Every structure is written in structure tokens, then in C-alpha cells.
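One-letter residues, chain by chain:
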2 protein chains.
Amino acid sequence: MLNTKSIFHTLIALSAILVLGSCEQRDTKTVVQGDAASMAYVAPGEYDEFYCFMSGGYSGQVTVYGLPSGRLFKEIPVFSQYPENGYGYSEETKPMFNTSYGMVPWDDSHHIELSQTDGEFDGRWLFVNGNNTPRIARIDLTTFETVEILEIPDVAGLHCAPFITENSEYLVSGTRFSVPIPQQDVPIDSYKENFVGLINYVKLDQETGEMSLDFQIEMPGYNYDLARNGKGKSHGWSFLTTYNSEQAHTLLEVNASQKDKDLLAIINWKKAAEYMEAGKFTERTTSYYHNTVDHSTGIASSEEMKTTRILNPKDCPDMVYFIPVPKSPHGCDVNPTGEYIVGNGKLSADMTVYSFDKLMKAIENKDFTGDIDGIPVINYESGVHGILKKPGLGPLHTEFDGKGFAYTTFFISSEVVKWNVEKLEIVDRQSTFYSPGHLVIPGGETKKPYGKYLVAMNKITKDRFLPTGPELCHSAQLFDISGDKMKLILDFPTKAEPHYAQAIPASKIQPNSVKYFKIEDNKHPYAALGEAKARVEREGKDVHVYMTAIRSHLAPDNIEGIKMGDKVYFHLTNLEQDWDVPHGFAVQGANNAELLVMPGQTRTLLWEPFKPGVFAFYCTDFCSALHQEMSGYVRVSPADSDVKLMWGLNNENKDEETLREMMK
Amino acid sequence: MLNTKSIFHTLIALSAILVLGSCEQRDTKTVVQGDAASMAYVAPGEYDEFYCFMSGGYSGQVTVYGLPSGRLFKEIPVFSQYPENGYGYSEETKPMFNTSYGMVPWDDSHHIELSQTDGEFDGRWLFVNGNNTPRIARIDLTTFETVEILEIPDVAGLHCAPFITENSEYLVSGTRFSVPIPQQDVPIDSYKENFVGLINYVKLDQETGEMSLDFQIEMPGYNYDLARNGKGKSHGWSFLTTYNSEQAHTLLEVNASQKDKDLLAIINWKKAAEYMEAGKFTERTTSYYHNTVDHSTGIASSEEMKTTRILNPKDCPDMVYFIPVPKSPHGCDVNPTGEYIVGNGKLSADMTVYSFDKLMKAIENKDFTGDIDGIPVINYESGVHGILKKPGLGPLHTEFDGKGFAYTTFFISSEVVKWNVEKLEIVDRQSTFYSPGHLVIPGGETKKPYGKYLVAMNKITKDRFLPTGPELCHSAQLFDISGDKMKLILDFPTKAEPHYAQAIPASKIQPNSVKYFKIEDNKHPYAALGEAKARVEREGKDVHVYMTAIRSHLAPDNIEGIKMGDKVYFHLTNLEQDWDVPHGFAVQGANNAELLVMPGQTRTLLWEPFKPGVFAFYCTDFCSALHQEMSGYVRVSPADSDVKLMWGLNNENKDEETLREMMK
């Protein structure tokens, strides 16, 4: 009985067989144009032209690639623990994972959003969403570090996030899974009665980029999937696709695919902001966390927020509209002029292109077919610029080249299609290997796309690379789009599952990249700002080791007087003041990770001794020719031992009093 | 007073300035040969020629690259938690981190060692060491999964590991930091009196590859750094470099660099095995963990081992020898014929090449200069084939091309030098950007190197790639070595810090790579081997969800009857039986990570509800066009609620009794 028949499963499986079958017959070499090798090649000592920031999907992180080389320069830890540099293990970074659910050390990062000024990337900040436990993070693009994580309350599966407005005023997001609000113990099959959707507007501080949840709009209990904000003429509006307008709560594969059309939500956020000003909101008690890194100490701290402000469309006319959208849509993309909005119905044979002018006219004329919970539904025909007929199977996402063309990925038919947005004409199609989700063109969602390259992010790799057992990498395919036809240049593997990426010219990031932290700006309370300050202090059961690292020794490097039951905090300050001289720190048997400490920075590892004895610690980053010598010992005595606190470096260990006298 | 003057710090800093200064003046383009782009390029649809396995260093993992493309295909989690696929978070994999120190979810992986048959790579297993909390791991090269971790007792910093013998009989390793044995609370400055070194021999099961600690040899308290085993004529012998033969315990940078020569340990392990047979060992009580994955369930379990067998050179004559080696050595490498052993003294201006025949003759003639703790010290001159004079600054590691040439990395002078081993003549040198640690040539440490490429693993990247803030990637540089002169082809970034790598022809791995796990072989006790078996069972406060995944739904997808205080175990079985169709699983607010489940596999996530309400779960890997629909809800009720256990999929939720009746 539980063996549900699924027409869609069968359908998709058949499609997959057909697609993959045909792929095998394609001669991939004919796809590659003559000089592809040199087009993708970046010679030793030369630089890539673009940074490409990709979401990590189920890694929870963000990855940084170069284009056109496809080389992975960095994985930036965001939502997940990262043993490699101690993120989420060090005392400074642990608070980044605080949420109203407790400590959540993983998430599913989906959509990259670079900050914009006047509709163009400005290279200041990068935002990315956590899909599972709803959060939005901000990365500082001068340091490439995550500096802020904001939880979004009362939503589930924050897939539809974080989409920015053209002057970085707001990030809009929508709940993917509607839930009871406030959370309550109700039967799941009371979905239609009790489950509510929310669309969230996070305000950005124009100077610092800091996020604050400004307001949430109460919406019908659908699944909000993807969104874009308007630009130029449509600035001030948001467009969000929904699926599951059927409001099913089980076997969505079938039950959320019943209706021929779902709905596109259209929000006048400037109007919403006016309603906020006018006090039209209701304040509701809730709980969510805002985690921020203090710039001067590098320490993250959490603030629990306890209220949220809700706007209800019933009380706020002319703020929210719906219009039908092709069945089970994914992408919702706005062209550079802001006039056209593309709705990709992944179970529809056609793609609908809306006209912003027509939508405005329909709203002005109240050309509605009815309303849903007080939200007017615009007459479909009145809002449509036109329909791209039978472009492919399973359209997912569209970007633009700034020359009037759109590029759409087709998951089922495994291809990218180039088409003229105004004329609704297909001008080129190229196979991908295999099913692509999103794609990215540098600046391809802004008012001024840079064009030149297109990267398709493919979900199924199978036989594209040397096999690595059952778990394979996902893949990206780089196309040159400078000519009339797209040219496949390169396959490159990606880390985890990039759901979306944005690419920006190197010149917008490179000049501002911080090389090291200035030691004089280090205000960490446990920093030892000079080797003479290296010391050990006991506060009851807590022992604080103020340790310094400089090529090629740690100070102190002999520590005695630690007792069983103590908590030892190793605070390592990297005294180097030069580029690319990190030091690491690891201590034997830590139930923890390592520290990787950048020049000028202080990081703290908690170590709880497990047995009496003498244990080794060392620098984990090969920092100099004498790196192997950069090590030390810590002695652990029984709890009732009378061994005194002592530390030393290149001298016989001395007791605390003598050492303090010497330090004066 | 603590501000210790360090002559070496000054020296190294000066060298670094000189080197980097000169680097900036080099025209890198002249280094690149005409067709470098096409030499490094692997066209879409084509395969790389070699797998290159790199250690992750402070990531604790192993990475898999293709050569010549330099593309990263996979990061295999080994010693560290890996949120990306739930390694170290899932119930099946948590036991992999058990040690005598408790759960240690991080390590510093250093040296890759592929299994060998007759001195050639056989493509069966990959071994890698954990440097911090001494461990050795084994990866199965059919699945690319870590299947075993063995702790090595009573050593610290297992850097000198795991070096294999030519028929994979043994892995030899040595302690980097000597410690009191057994561990005891003694003053650190009693080092010379109390601290002991151990060299460990791990036996490999010839059929399964499973590791067992056979014996340990008690050695003087030096720092054992790197090693190789003999091959061909020298099969049966191990060669290990030491540093800190001064036995310093503080400021090793200075105090362990006093003597002009350190020592090379030479061990007759066949003789040692004979002594073991003859019962010449002493058994000592200790504690260490052996963690293994059961092949049929995929579940890791831990066994605590309580004794170890020690051989003491004093009791076992003709088993261990020393010979002086250039100051502060790092690499210790044996050429393909097994006749020459290269000792790289990183603070020495020259490199010493030992002759195995001469060493044997010296031993036969008892040509010793004395002994250390009963270990004879061979007369340096008698064991030396010759000296390579002033080859560069800071020699670290050497590999071979099978044509009579050796290639050595020089950390301080940032270069690779090619030299004739027999004639001790330098034939080529090429700059690296910048300081290289190890290098790898495919098969370059075996009896039959494949040659063709050389990869230098560089420690300082600085300006080689687009900057990513203070934390930069490390870099690899690929050289073509098929001609007389090395040609630099490509710079590619690497993940974390590869300390060593091994490369093997694709043909030795690719044909045996497993595509998916057969569902009929799945013996996991909580597997639901078919959707009809999907169910929920309560055992007191433990709730077991036997869940299945197949495109595009999870079963059950509505679950009720969970109470506050319960521990919910989601056991997800991926029912797919095709290549590259993983499913993932995440549940809102888990203080944990996700599950990434390969076809045919079962993985378990523990979820402890945090508040009453209805929470979402979903598939985290974009598996099909209807992946977004692959989701469900779990309802949590207060502890004293009378909500009954219910679950469902595409039918109204029914109570447990009815559902069990239906399942019959």
C-alpha cells in the first residue's frame, strides 16, 4: 500500500534514459572548438579574468573559482563546521552557528548574491542563504570571511533567498516549506488551515552591509522557490515563483503537480516600506539569532531577537499580487532593462515572459480574475509579453548577456538555449553533460552584464571525469558566448553542489583584498601582542595560554601546571606582518579541530586534558624551513597534584612568580 | 627575557626575502613553453591520464586530482568531520573518530601511500597518516571511502608515516615527538631521561588490506621525520631520518639545530619479524583504537586494543643501525633499483647519497664509530655513495623518473633540481613559485616510475592566483619531464596543504571503480529494502524511522507521534540502483549535519527535537526534475501528549496498527 505509483517518477526516468541515451551518441569532440585549450588556459603567473563565487549546496559553504581556468582558489566556510581552519571549532567562531534551534553546524547553501550599486556588482559583500535552518550569511569580500549570519524566523527551507535590490537596500526571501505560525503541535493534514507562508525583507546597512530583518509579509501556504527584484523601471518590485499552490503536504511529486499553472507573487516593496513607516504592521513574539563578528577582535557573538514585524496583505492594499505562472516553476529572472520577467515552469512545455509595463497597466486597470486571501490575481494574458514555445524540457534558470539575449538551462533535455528576449526567438542551443540546474554569466543578472562566458552547473556527471567510486563530483561547463554561437571550452568539477554562482571582474575585488590583519588593530582580549606578553594565567579551572607564533617557534613552548579537570584555552596570536604567513596550532588528542591563524589574528582552541602525561603541540602550516621544529609540550598532572604553573621558551622552566617578574 | 633571539629565524627570513625578491624579477612567461596550454588541457569528454592523490594536511582529508588537468575530482573525508556528506556526523561514521583520547574529529594528514605489489602500485588501497593524534587510515580504492583507522599507541605527531614495503607487507612509521612511555606526569625538562621514541610496524592483511599493529621498536628520544623502505636488493630494510638528535624540548628552531649531523635509522625489519617469531618482544599494557567499517552494513565500529609488543634493540642485535645524515633532514628516498638512499639535510649545503651495498658491507665489517643505546653507528664515509655538492638551499624531498634521474625540491631557493643519481651531476633546475615541500612523479617512489609529469607542491602562493584575503590556497606546479629539461606547464591551486601525493595511471583504478552499492548486499540492520518496508518504530525514547528515497519522494514523508525528549533516528536507504543518483537528507534545526546517501546504501541521522511543532525535511541533492518536491514533515508533540505514532505517504496518515496491517 505504501508503494505509491508515481507517474512523474516514470516520466522523469524515461526522459532521463532518453537524454542520457542520446548523450552517449553525441560526439563530444565536435562540440569543442579549435582553440578551446588556449581559451581556457591561464598561464603560470597570469591571472584569471573573473572571480566566480559558487554556492556549495550541501557543503554549506561558498567556493571561489577563477574564470576561465575553472580553478578552485578557496572554500569559504559559512554555515558548516570546517575542520580545515577551525571555523566552528575555535571559540571565536562557534557562536556563528547559534540559532533558535540551538547550535546548528551545517546547512545547505544555495544562492549567491553579490552586493549592488545602481544595479551593478560593487564587490563589497557576498550574501548566501542556508536552506535547511533558515539563515542568510554575509561574507566580507575584502577578507573573504563570513562576518554575519542572520536567522529568519518562522519559515522552513529558505530556498527562495537571498535576492538583492539594485542598490542593496534589501534582500528578499520566501519560505520554501510553509509551517504553522507560530510553531504549534497540529496535525500535518491540517496544512491548509494552519500552515502559512512568509516573504521576508532583510534591510542592509548601506555603510557596513549589516543585515536586520525589517518585516515579513504573511502569504498563503505555498512553497516559494526563487525570486528576483526588479531593476531600472521595475526597481521597487519583487517577483517570486511558487510551487505547490495545491497546498499538498505529502507526495508532492504527484500532489503538487496537479494544477496546470502555479503562481508568481509580485510585491511592491516600496509600498510595503511605506506601510511599515505608517505602522501598519503587527508585532509578533518569536525567537531568532543574529550572529556578528566584531571587526576589532575577530570574535563572533550572538544576539537573540524576540520580535518580528508582520505585514498582512489584507491590511495593506496594492502591496502584493499574484499572476499565474507555468506549472511548477523554478527560476524567475528579470532582464537587464527590468522590463521582462521570465518564469520557467519546469513541467511546462513553454516559457512565459512577462512584461513589467503590461503588469503595471493590468494593476492600474484592476484587470484581475479574482483574489486569494485578499491578494488580487492578475489576468494572465494581460501581463504576458509573450511565450517561448517548446524551447526544451525542464527549463530551470535564465541569465542575460546584455545584448538582448537570454540563456536558459534545461534540466531534462540537458542543454542551454540562447534566445532573443524581445523577439522570443531561439538562436542557438548547446548540449550540456548532463542535467544543468542554474547557469551563470558574469553580471548576468545585473543591469550591465559583462557577458563573455557562461557556466552551466550540471547535476549529473556520470562519465565526464575519471570515476571516484559511487560518489562523484558535480560538474560545470564553461562556454564562450562572445560570438553568435555558444562554444563549449571546458569541463571542470565543482565542490559539493553549486546551486547558483555569480561572477565578477577581478578588478572589482583584487585591489581591495586584505593581505594580513594589522597587529596594532588586534583588540582580542586574549591576544599576546608581542612575544614578551606570552604567558599562562589560571582563573579557577580555566587556564588561559596567551601564546604567540612567529617563524619558527611558539611561545611559550613548555607549559606545566595543568591539572586534570582544567579547561585549557590556547589563544594563539600570529605575530607575522606579511602576506601568506599563516601559522597553525594543534595539540595531541584534542576533541576538537586545529587553529589556522592569519597574520595579526588571534584564535582560541579549547583543550580538555584526558589523562596525566606530557603531550605535544605544533604548528600545522608549513611556514618556514624550520617549520618542523615549531612545536612544544604541555604537561598534565593529576587534579590533586602540587605541580606549579610554569612556562618557558628556551630557558629552564620557571615558576609563575619568577616569570612574571622577568616580564616586567 | 622571553624574547629569545633566534639566529635561524633571522637567517630564514633573510633567505625568504632574497628568494621572493628574486622571484618577482623572474619573467614567468619565459618559463612556459609554447604548447603548454594544450599539454595541460583535457578536452570535455576526455579523461585525465593519471589520478593524483594528495594529502590534505590540516584538512585531515585526501584529495583526488586528475593529471595533467589539475582538476579536483573529490575530497575523501578521512580524519576530520565532513559536513558535506555527513562523515563523522552520521551514526555509521561517528565511530571512525574514536581514539584512546576520546572522539577526535580532526587530524593533519600528511603522507599518501598506495599499496604495492612487487614494488609497483596495484591500485587496491591508499594509506594516509594522521599527524596530530597518531593514526593511519586506509581508503578502499574501489569505493574511494575510508574504511579503516588504526591508532598508533604511545607516540606523538605521527609525521613519519605510513611508508609501505614493496609487497605491502608492512607500513613503517616513527614518532615525531618522543614522549614518556608509558605516559606519566614528569617534568618536561626530564626529556633525556624519560622521553622515548618508537618505530612502528603495521602489518597488512594481503587479501583485505586490514591493518594490525605487529610490533614497535624502542628507540632513542629523537624526532623521526620521514622514511622509505628498501626495494629490490634493499627489500627488507627501512630507512628513517631523525632530527633533534640533540634531544631539545624547547625552541627547537635553535636547540635542535646544534649538531652538524643528525642520524638516519636503518632497520632490518625481516630480522625484526624473526625476533617477533622467536618471542623476543615484551608485551606492554596500553590503549589504542582500531576502527573498521563492516563491508555489508557500511557501519563503523571500534575495538579498543590493550597491549602492544615492543622490541628493544639491546635485546635484538643486527636489527637497528644509525648512520650520520646531513643536518636536520627531511626526506629520505630510495631510488628504483633500491641501491641509493638520498638524505636531504634541510640545513645542509650538500646532499648525501648512501649506497645500500656499502651500508651492508659496513655492517658486515662492523665498520662502526660507536653506539647509541646499544644501536651501532655506521661510519659515515663507509656508507656513502657520494655527495651532491651545493645543489640548492633547503632540500626537502626527492623522487625518481626511472631513467636514472632524481628530482629534489628546495624549499628556501624555491626550485626543483634534476640530477643524475649515479654520477651525482645536476642536469637541470627550474624555479617554483614558491617554496616547495614534497614533489610527486607518477610512480616516482616505486621500482618502475611512470615519469612524464612532476608536480611540485608549493607552500607559499602569494601573488600566483587571484587573491582571496589573508588566507590563500597552496599551489601545485605541473612540469612536463618527458624531455631533457623540465617544462612548467600549469599552476593549479590545491585544497588545504598537500604534504605529499602519489599519482597512478587511470587504468589501474578506473576499471574497478564501484558505481553503486547493490541493494541485495545491504545488510544494514535499519535498512528498508523497498518502499513497502518504510516504517516508524518506537523503542522507548528512541524512534527509528526506516525511510526510503527514490526519485522523487521520501517514504514516509509525514510522521506524527514524536515527543519532546525522543531521540529520532532517521535511517535513510537510497533505493536507486544506478550510477550517480545519490539522495540527501536534512531536517530543520538538526544540531548535526546532513546525510548524503549513495545508491544501495543506508545512512542514519540522529535528530533530537527542540520544540513542539511541525518541521520540514527534504532531499539535499538535486536528484531529478522534481527534486524540489522531495520533502516531508515531522510533527513534534509535548512529552505528555497522547498523539499516536503515525506515518504516511500519499494517503491520510494512519495509526501504527492500521499501517502495519496494510504492510502485510
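Residues numbered from 1 in each chain as written. Chains lettered and ligands numbered in written order. Predicted model: local features only at pLDDT ≥ 70, side-chain atom pairs only at ≥ 80, totals over all residues. Heavy atoms only, no water.

If you check an unreviewed UniProt entry, chain A appears there as Sec-dependent nitrous-oxide reductase from Cryomorpha ignava. UniProt's Subcellular location (unreviewed entry) comment on chain A is quoted here verbatim: "Cell envelope". (UniProt positions renumbered as here; feature names shortened; annotations may be inferred.)

The next point concerns helix H6 (residues 269–277) of chain B. Residue and element names in this part refer to chain B. Three or more residues of H6 are buried, namely Trp269, Ala272, Tyr275 and Met276. Burial along H6 is one-sided: seen end-on, the buried residues are contained in an arc of 105°. The backbone nitrogen of Lys270 lies 3.4 Å from a side-chain oxygen of the residue at the head of H6, namely Asn268. Directly after H6, the chain includes Gly279, whose backbone phi takes a positive value near 75°. (Buried < 20%, exposed > 50% of the residue type's maximum accessible area, 1.4 Å probe, protein only. Helix = DSSP H or I, 4+ residues; strand = E, 2+ residues; numbered from the N terminus. Arc of directions from axis to C-beta. Polar contact = N/O pair within 3.5 Å; in protein donor to acceptor, adjacent residues only side chain to side chain.)

The subject of this paragraph is the interface of chain B and chain A. Contact with chain B, which involves 179 residues of that partner, is made by 178 residues of chain A. Linking chain B with chain A are twelve salt bridges, by the criterion used here. Where A:Lys495 meets B:Glu84, a salt bridge forms, and the shortest distance between an N and an O atom there is 2.6 Å. Across the side of chain B that touches chain A, the residue classes break down as 92 nonpolar, 53 polar and 34 charged. (Contact = heavy atoms within 4.5 Å. Salt bridge = Lys/Arg side-chain N within 4 Å of Asp/Glu carboxyl O. Nonpolar A, V, L, I, M, F, W, Y, C, P; charged D, E, K, R; others polar.)

Let us now look at the domain arrangement of chain A. Where the parts come together, the accessible area they lose is often given as the size of the interface. Residue and element names in this part refer to chain A. As far as domains go, chain A holds domain 1 (49–512) and domain 2 (519–663). Look at where the C-alpha atoms of domain 1 and domain 2 centre, and you get two points 44 Å apart. The interface of domain 1 with domain 2 comprises 15 residues on the first partner and 16 residues on the second. The contact between domain 1 and domain 2 buries some 1100 Å² in all, and 50% of this surface belongs to carbon and sulfur atoms. (Domains from an automatic or database assignment. Buried area = accessible area lost by both parts, 1.4 Å probe.)

All names here are of chain B. Structurally, Glu283 can be placed in strand S18 (residues 282–293). In this structure the C-alpha to C-alpha distance between Glu283 and Ile310, which are 27 residues apart in sequence, comes to 6.3 Å. Other than its neighbours up to four places away in sequence, Glu283 contacts Thr307, Thr308 and Arg309.

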